[in-house]
Amino acid sequence: MSSVIKFFTMMALITLAAPAAAQDTADENALFSKADLYAAIDEGDHTLVETAFSELQALTAADKVSVNQLRWLYEVFGTNSPEIAGFAEGWLEAHPESPYARTGLAWVLYTTAWHIRGEKRARFIYPEALDVFRELQFDAWQLAHAAYESEPALLPASDAILRLANPTGQTARALEVLDEAMTLRPDPGTLERGLDMTVPGWGGSWEMVEALCDYYAPALDMGEVDPVLHCKVGTALSFYYGEKGDWALKTLAETPMPSLDYLRIHYATSDSATRADAAFAHAYLTRDGFFDYENARRFDEHVAWRYGYDFISEAHMRRAKEHAAEALKCDPYNPGLNKIMASWISTYDMKGDMFSSRVVERVPPEEELEYVRRQLAASPYDPELWREYANVLSRVDSKGALLKAEPYKINTIVFSNHNPGHVIGYAQAKAQVIIELDSLEDQPDSAMWQSLSEAEKARAEQDRQKLLDFRHSIDMDTALRCPMLRAYRLHGVICEVSKSASCDLHQTQRAMFELLVEDIETRRVCTGVMAASDVELFYQPVEVDLMESGG
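Conventions we followed
Residues numbered from 1 in each chain as written. Predicted model: local features only at pLDDT ≥ 70, side-chain atom pairs only at ≥ 80, totals over all residues. Heavy atoms only, no water. 1 Å grid on protein atoms, 1.4 Å probe; cavity = no way out; pocket = protein on both sides within 12 Å on 5 of 7 lines; lining within 4 Å. Points joined across faces, edges and corners; volume = space filled by probe spheres on them. Helix = DSSP H or I, 4+ residues; strand = E, 2+ residues; numbered from the N terminus. Nonpolar A, V, L, I, M, F, W, Y, C, P; charged D, E, K, R; others polar. Disulfide = S-S within 2.5 Å. Buried < 20%, exposed > 50% of the residue type's maximum accessible area, 1.4 Å probe, protein only. Expected span 1.5 Å × (residues − 1). Arc of directions from axis to C-beta.

Looking at the second largest pocket, its volume works out to about 470 Å³. Residue lining of the second largest pocket: 22 residues in total, with Asn391, Ser394, Leu402, Lys409 and Ala429 positioned closest to the centre. Looking at the lining of the second largest pocket, the elements with two or more residues in it are α20 (383–396), α21 (401–404), α22 (406–415), α23 (420–438) and α25 (454–473). With 9 residues, the single largest contributor to the lining of the second largest pocket is α23. Considered class by class, the residues forming the lining of the second largest pocket number 10 nonpolar, 7 polar and 5 charged.

Per the stated rule, a full pass over the model turns up 3 disulfides. One disulfide in the model links cysteine 213 with cysteine 231; its S-S distance is 2.0 Å. Between cysteine 213 and cysteine 231, the S-S torsion sits near -70 degrees, and that sign places the bridge as left-handed. Here cysteine 213, found in helix α11 (residues 206–216), pairs with cysteine 231, found in helix α12 (residues 227–239); they are 18 residues apart in sequence, far enough to count as distant. Classification of cysteine 213 by relative accessible area gives buried; the value is 0%. Here cysteine 495 is linked by a disulfide to cysteine 503, with a sulfur-sulfur distance of 2.0 Å. Sign of the S-S torsion, about -85 degrees for the bond between cysteine 495 and cysteine 503, identifies this disulfide as left-handed. Like cysteine 503, cysteine 495 is buried. Going through the protein in sequence order and numbering each bonded cysteine, the pairs you get are 1-2, 3-6, 4-5.

To continue, consider helix α27 (residues 507–523). Over its 17 residues, α27 extends 24 Å from the first C-alpha to the last, a length consistent with the 24 Å expected when each residue adds 1.5 Å. Of the positions making up α27, those classed as buried are Met512, Phe513, Leu516, Val517 and Ile520. An end-on view of α27 places all buried positions within 130 degrees of arc, on one side of the element. Set apart from the buried face of α27 by more than 90 degrees, the exposed residues are Gln507, Thr508, Leu515 and Thr522. Arginine 524 occupies a position one or two residues after α27 and carries a positive phi of about 55 degrees.

So, in C-alpha cells, the structure goes:
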C-alpha cells in the first residue's frame, strides 16, 4: 500500500480544494465535464480520464477550448475524498508516464499537505504536522515537475510548481517555469499563481511584486484595465497591509476593477468601513443567489447597523448550508463545507442604539458532532478541532463525555504544543467537576435550594441524584483529582519559562487549586503524579480512530 493511501486509511488526511485564480472560468457544458469525471472515478476508469485529459490538452494547445478547462477539472483532485485520492494513485499506476496522472496526484498531495499544516505560523504548529507537510509538498513537487518536463504546455502542472515553490524552497526553478509558461502562453492565472512567491513571510518582497508585474503583465489582455496596475493592486490586497494595502484600496476607489471585488469586500466590511465602502459591500453581498457568509457576518457586525442597512448574514448562512449539503455528496470530508454544516444560524438585532446577536437555529448535537469529526479527520493536528469535538461531545452526553472526551482534551493540549492556556483550562474543568460532585450532599441545605419552588426542587433533586449516581460510578481520584493535579503541576513547569498571559492565575483560582492539592497530599493519593519529574508530566498524543462516526 502506497504512502498516500496509507495516509487516508490510517489518519483520514483529506484534501482542500486546490486554489484557483480569480480569472479562471470554465464551461459546464464542456466536452468532458466534472460530472463525467466523477462518473469515471466511480467506475475506476483510468483510461477514460487519461484519454479525455489528453484530448482536452490538445484542444487547449489549438485554442479550441478555454485554457481554464483543465484547471477547472483538476479542482476535483482537490476535493476531500479518499476515493478520489485512491483514484489519482491508481491512475498513475495505470499510466506511470502520464503528465495528467502525475499532476492529479500532485494536487492531491499539495492540498492534503496544506490542510495538515494549517495557516498558523510555523512556531505554533505541532512539529510532526510540519514534518508531514514538508514530505508531502516535496513529493508533490517531484510529481508536478516531472509532469511539466514531459508536457510544458499543461497549465495545471506549471500551476502546481508555482504553488509549491515557497514551501519546497524551489523558488529559483519556479521562476524559470513562470518565465517559460508566460512566454509560451501569457495567462493571468499563471501570473497570479506565480505571485505567490512574493508573499513576505515566505521570502518575497514588494520589489519582487513590481518586477514580476512590470515584466509579465503588459502581455495580458485585460480590456480597458491596465494589466500592470491590476497585477500590483491585486497582489497588494492579497498579501500586503499597511502602506501598500492602503494604496491599493485608494487606487480601487479611483479606478474600479470589478475582477478584484472579491478582495476589496474584506476591507469594505471592516470596522473602519466608510459610507462608500458600505454601499459597495451591500451591492456586492446582495446579488441574487450569491453567498459569502464570512463577509456578510462582518457586514452585519461592522457596517449594517452603523449605516442603516438590513442585516443579511442569516440569509447568507442559509444559502451556504444549502450549497454545502449538496456539495458534500461529492466532497464528504471537505472541512469548509463541514464547518458550515456544523455552524448554528444566528441573526442580529438593533433595539434603539443597542446591537446584539442571537441564535435562531441550532444544529442537533449528534449531527454537529459528525460534522466536527469530519473536520478533525481532515486536520488531525488542529488543537481547536480536538477541543471543539470534546465540547460538542459534552452536549451529546454531558455525564458520559467527562470520560469519553478525555482523549480529545489531551490531544488538544498536545497538538497546541502544550499551550499553557489549554493546560490550565483542562485542570480548571476537572476542578470544577470535583467541587460540584463534592458539594452534592450539602445542596439541599443551601439557601439557593431553599428558595426554589416545590416543582423546582423536585427537578433539582432528580439532577442531584443523577450526579450522585455518576459520582459513585467513578473513582474520583483516578478520573478527576490526579489528572487535575498533573495538569496544574505541568502548568507551573511551563510557566517557569513561558510569558503567556495564561500563566497569570487569579488569586482565587490559585487558592482553589491549592485547596484541592492540599486534600490530595493529606490523603496521600496520586503519588505517581506527585513524584513525577517535570518531563514526565508532559502528555503524549492519544490515538483515536477518526474514521469512525460517533463519540
